[in-house]
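# Inside the fold
Given next are the chains, with one letter for each unit.
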Amino acid sequence: MSKIFEIRDYYCSMKFKFLKIDLESKTTYNCHAARPHPVEFEWLKNNTGRLFNTDINIAERQMMLENKRNSSCEQNCWPAEDRGAQSPRQYQLGSDRTHTAIDTDPEIIDLTIGADCNLTCSYCCKEYSTAWRRDVVINGDYANDVRYQATNKDRLLLKISQPELKYSTHYQALLKEIELAAPALKTLVITGGEPLLDNFLFDTLANLKMSDQSVIEIYTGLGVGSSRFANIVQKLKQIPNLQIIVSAENTEKFAEFNRYGIQWQEFMNKINLLKQNNIKIKFHATLTNLTIFGFVQFYKQFKDEEIKLTFAYQPDMMAVYVLDYHSKQQLMQDLTLLPEHFSTPLLKSITPDPSEIQRNNIGNFLKEFVNRRKDLNLNIFPNKFLTWAGLSHVV
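This write-up is about the structure you can find in this document.

This next bit is on the pairing of strand E10 (residues 281-287). Burial analysis of E10 places 7 of its 7 residues in the buried class, which makes it a mostly covered element. Residues Ile 281, Phe 283, Ala 285 and Leu 287 of E10 are buried on one face, and the alternating residues Lys 282, His 284 and Thr 286, pointing to the opposite face, are buried as well. In this sheet, E10 lies alongside strand E8 (residues 242-247) in parallel orientation, the contact comprising 4 bridges. Across the sheet, residue Ile 245 finds its bridge partner in E10, namely Lys 282. Pairing analysis gives 5 bridges linking E10 to strand E11 (residues 307-311), with the strands arranged parallel. Paired with Phe 283 across the two strands is Ile 307, which belongs to E11. Chirality of the crossover, the property in question, places the unit of E10, helix H14 (residues 295-302) and E11 among those that are right-handed.

Below, the structure is given as structure tokens:
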């Protein structure tokens, strides 16, 4: 029987406790791995404080309680599990049944505060990085994915200043929803873009009346200037229960490739500055077929810090299993040196076979990615991988 039609548990606790709000795109996600839903502002005007309990969120929770396959989870979790790979639901322990009420309050709000970002990370896109948006608007589209193709909306967004965005009616309406939910939150997550580039970040946090027990997590790629960062660190020290979640999974040349826009030594200087100021840090590692090559070295350097893994399945050409046979064999050998809670999901996720379309797409993407960034070189990747992706002539 196909895995798609196997009887299995389709419950996920994230639908009952997590809300992601993207202030720029005016969308919400009832799980960070789910498809977004546009905010219905006319409905919200008459249902203030109910953003977490929209009709679609209620319906999707009911489906999960009835063990029905939920369509908004088709973007990441169900396809990964169909292939036998590790899904976000699995590594977040979402299958643990924590809720039964379909009308509930969020415990975690993930606030995407804006798309301003200086980096063009290899697995990111125009929705979450103005650097990516500027690339496709100025230099033209990538051929194989709408994430890298410019629209008139993208051109317009590049012209909108932070104050214009922040003081818009819809932006303020969404901030109001967060303010209403804040006292009951266990965790507030701030993501971007690069949140440390947002000039309104600390004013936004000051307006949220959170519990003394609530944790604030700020995700950052540390892609800000050194002098600005030094000033920000002094403000970060004043925030109680703060954790800085540093997005990183590679070191040195692999880091400079996959998180294009950072310089490794400057990155390390910022890590050291956070530690010197006793600001708690964790690492959030996003594993793709490009970032997995340097992950073991990253683990060796930062094994004394907490590292959280996530797997990118969008775009699907960057799923961690989209690799040639020889690279997989070498990586499998290397990954066995990691602790079991890392090696087990990694080895499971790398196993499926890629399609010919995925192979062609990753080759075309990398060729274009490097052509637009003249200080990058593909020779950091194994020759077998480059030949398999049709790129041996590009190096």
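A few words now on the nonpolar core. Judged by nonpolar contacts, the single largest core of 105 residues is most densely connected at Ile 218, Phe 267, Phe 283, Leu 346 and Phe 365. In this structure Phe 267 touches Gly 221, Leu 222, Val 246, Ala 248, Ile 262 and Phe 283, once residues within four positions along its chain are discounted. The next biggest cluster of nonpolar side chains, apart from the first, holds 13 residues, and it includes Met 14, Cys 31, Cys 73 and Trp 78.

Further remarks concern the pattern of salt bridges. When charged atoms on two side chains of opposite charge get close, those side chains can pair. What the rule picks out here adds up to 22 salt bridges. Residues Glu 356 and Arg 359 are paired through a salt bridge, measuring 2.3 Å at the closest nitrogen-oxygen approach. On the criterion of helical spacing, the pair formed by Glu 356 and Arg 359 is a turn pair, its members being 3 residues apart in helix H17 (residues 356-371). With relative accessibility at 19%, the residue Arg 359 sits in the buried group. Each of the salt bridges in this network shares a partner with another, and the network as a whole consists of Glu 24, Lys 126, Arg 133 and Asp 154.

The next subject is the sheet that holds E11. If you trace the 9 strands from one edge of the open sheet to the other, you get E3-E2-E1-E4-E6-E7-E8-E10-E11, paired in mixed fashion. Of all strands in the sheet, those with a lone pairing partner are strand E3 (37-38) and E11, marking the two edges. Packing against the sheet, H14 makes contact with E10 and E11, and its axis sits at approximately 160 degrees to E11.

This paragraph deals with the state of the cysteines. In this structure the tally under the stated criterion is 0 disulfides. Of the cysteine sulfurs around Cys 73, a residue in no disulfide, the closest is that of Cys 77, at 5.9 Å. Here Cys 121 is not disulfide-linked; the sulfur of Cys 124 is the nearest cysteine sulfur, at 5.9 Å.

Our focus in this paragraph is empty space enclosed by the protein. This model, assessed by the stated rule, comprises 2 cavities of 30 Å³ or more. Size it by volume and the largest cavity reaches roughly 50 Å³. Cys 12, Cys 31, Ala 33, Ala 34, Cys 73, Cys 77, Trp 78 and Arg 89 are the residues that line the largest cavity. A breakdown of the residues in the lining of the largest cavity according to their chemical character gives 7 nonpolar, no polar and 1 charged. Of the pockets and cavities examined, the second largest cavity occupies roughly 40 Å³. In this structure, the second largest cavity is lined by Ala 248, Glu 249, Asn 250, Phe 254, Ala 255, Asn 258, Arg 259, Ile 262, Trp 264 and Phe 267. Those elements that place two or more of their residues in the lining of the second largest cavity are helix H12 (252-258) and helix H13 (264-276). A total of 3 residues in the lining of the second largest cavity trace back to one element, the largest contributor, which is H12.

Our next topic: the environment of Cys 12. Within the secondary structure, Cys 12 sits in the segment before helix H1 (14-17). Apart from the residues lying within four places of it in its own chain, the contact partners of Cys 12 are Met 64, Arg 89 and Gly 94.

On to the packing of aromatic side chains, then. All chains considered together, the criterion is met by 26 aromatic pairs. Residues Phe 283 and Phe 298 carry aromatic rings whose centres are separated by 5.4 Å and whose planes lie at 90 degrees to one another, so their mutual orientation is edge-to-face. With Phe 283 in strand E10 and Phe 298 in helix H14, this residue pair connects regions lying 15 residues apart in the sequence. Residue Phe 298 is classed as buried on the basis of its relative accessible area, which comes to 0%. One aromatic cluster is present, formed by Trp 132, Tyr 142, Tyr 148, Phe 254, Phe 257, Phe 293, Phe 365, Phe 369, Phe 381, Phe 385 and Trp 388 through successive ring pairs. Directly above the ring of Phe 229 sits Lys 270, whose terminal nitrogen or CZ lies 5.9 Å from the centroid.

The rules behind each value
- Residues numbered from 1 in each chain as written.
- Predicted model: local features only at pLDDT ≥ 70, side-chain atom pairs only at ≥ 80, totals over all residues.
- Heavy atoms only, no water.
- Buried < 20%, exposed > 50% of the residue type's maximum accessible area, 1.4 Å probe, protein only.
- Helix = DSSP H or I, 4+ residues; strand = E, 2+ residues; numbered from the N terminus.
- Pairing = 2+ DSSP bridges.
- Right-handed = clockwise from strand over helix to strand, strands pointing away.
- Core = buried A, V, L, I, M, F, W, Y, C linked by side-chain atoms within 4.5 Å.
- Contact = heavy atoms within 4.5 Å.
- Salt bridge = Lys/Arg side-chain N within 4 Å of Asp/Glu carboxyl O.
- Axes fitted to C-alpha atoms, helices over the stretch in contact; angles between N-to-C directions.
- Disulfide = S-S within 2.5 Å.
- 1 Å grid on protein atoms, 1.4 Å probe; cavity = no way out; pocket = protein on both sides within 12 Å on 5 of 7 lines; lining within 4 Å.
- Points joined across faces, edges and corners; volume = space filled by probe spheres on them.
- Nonpolar A, V, L, I, M, F, W, Y, C, P; charged D, E, K, R; others polar.
- Phe/Tyr/Trp six-rings, centres within 6.5 Å; stacked < 30°, edge-to-face > 60°.
- Lys NZ or Arg CZ within 6 Å of the ring centre and 35° of its normal.

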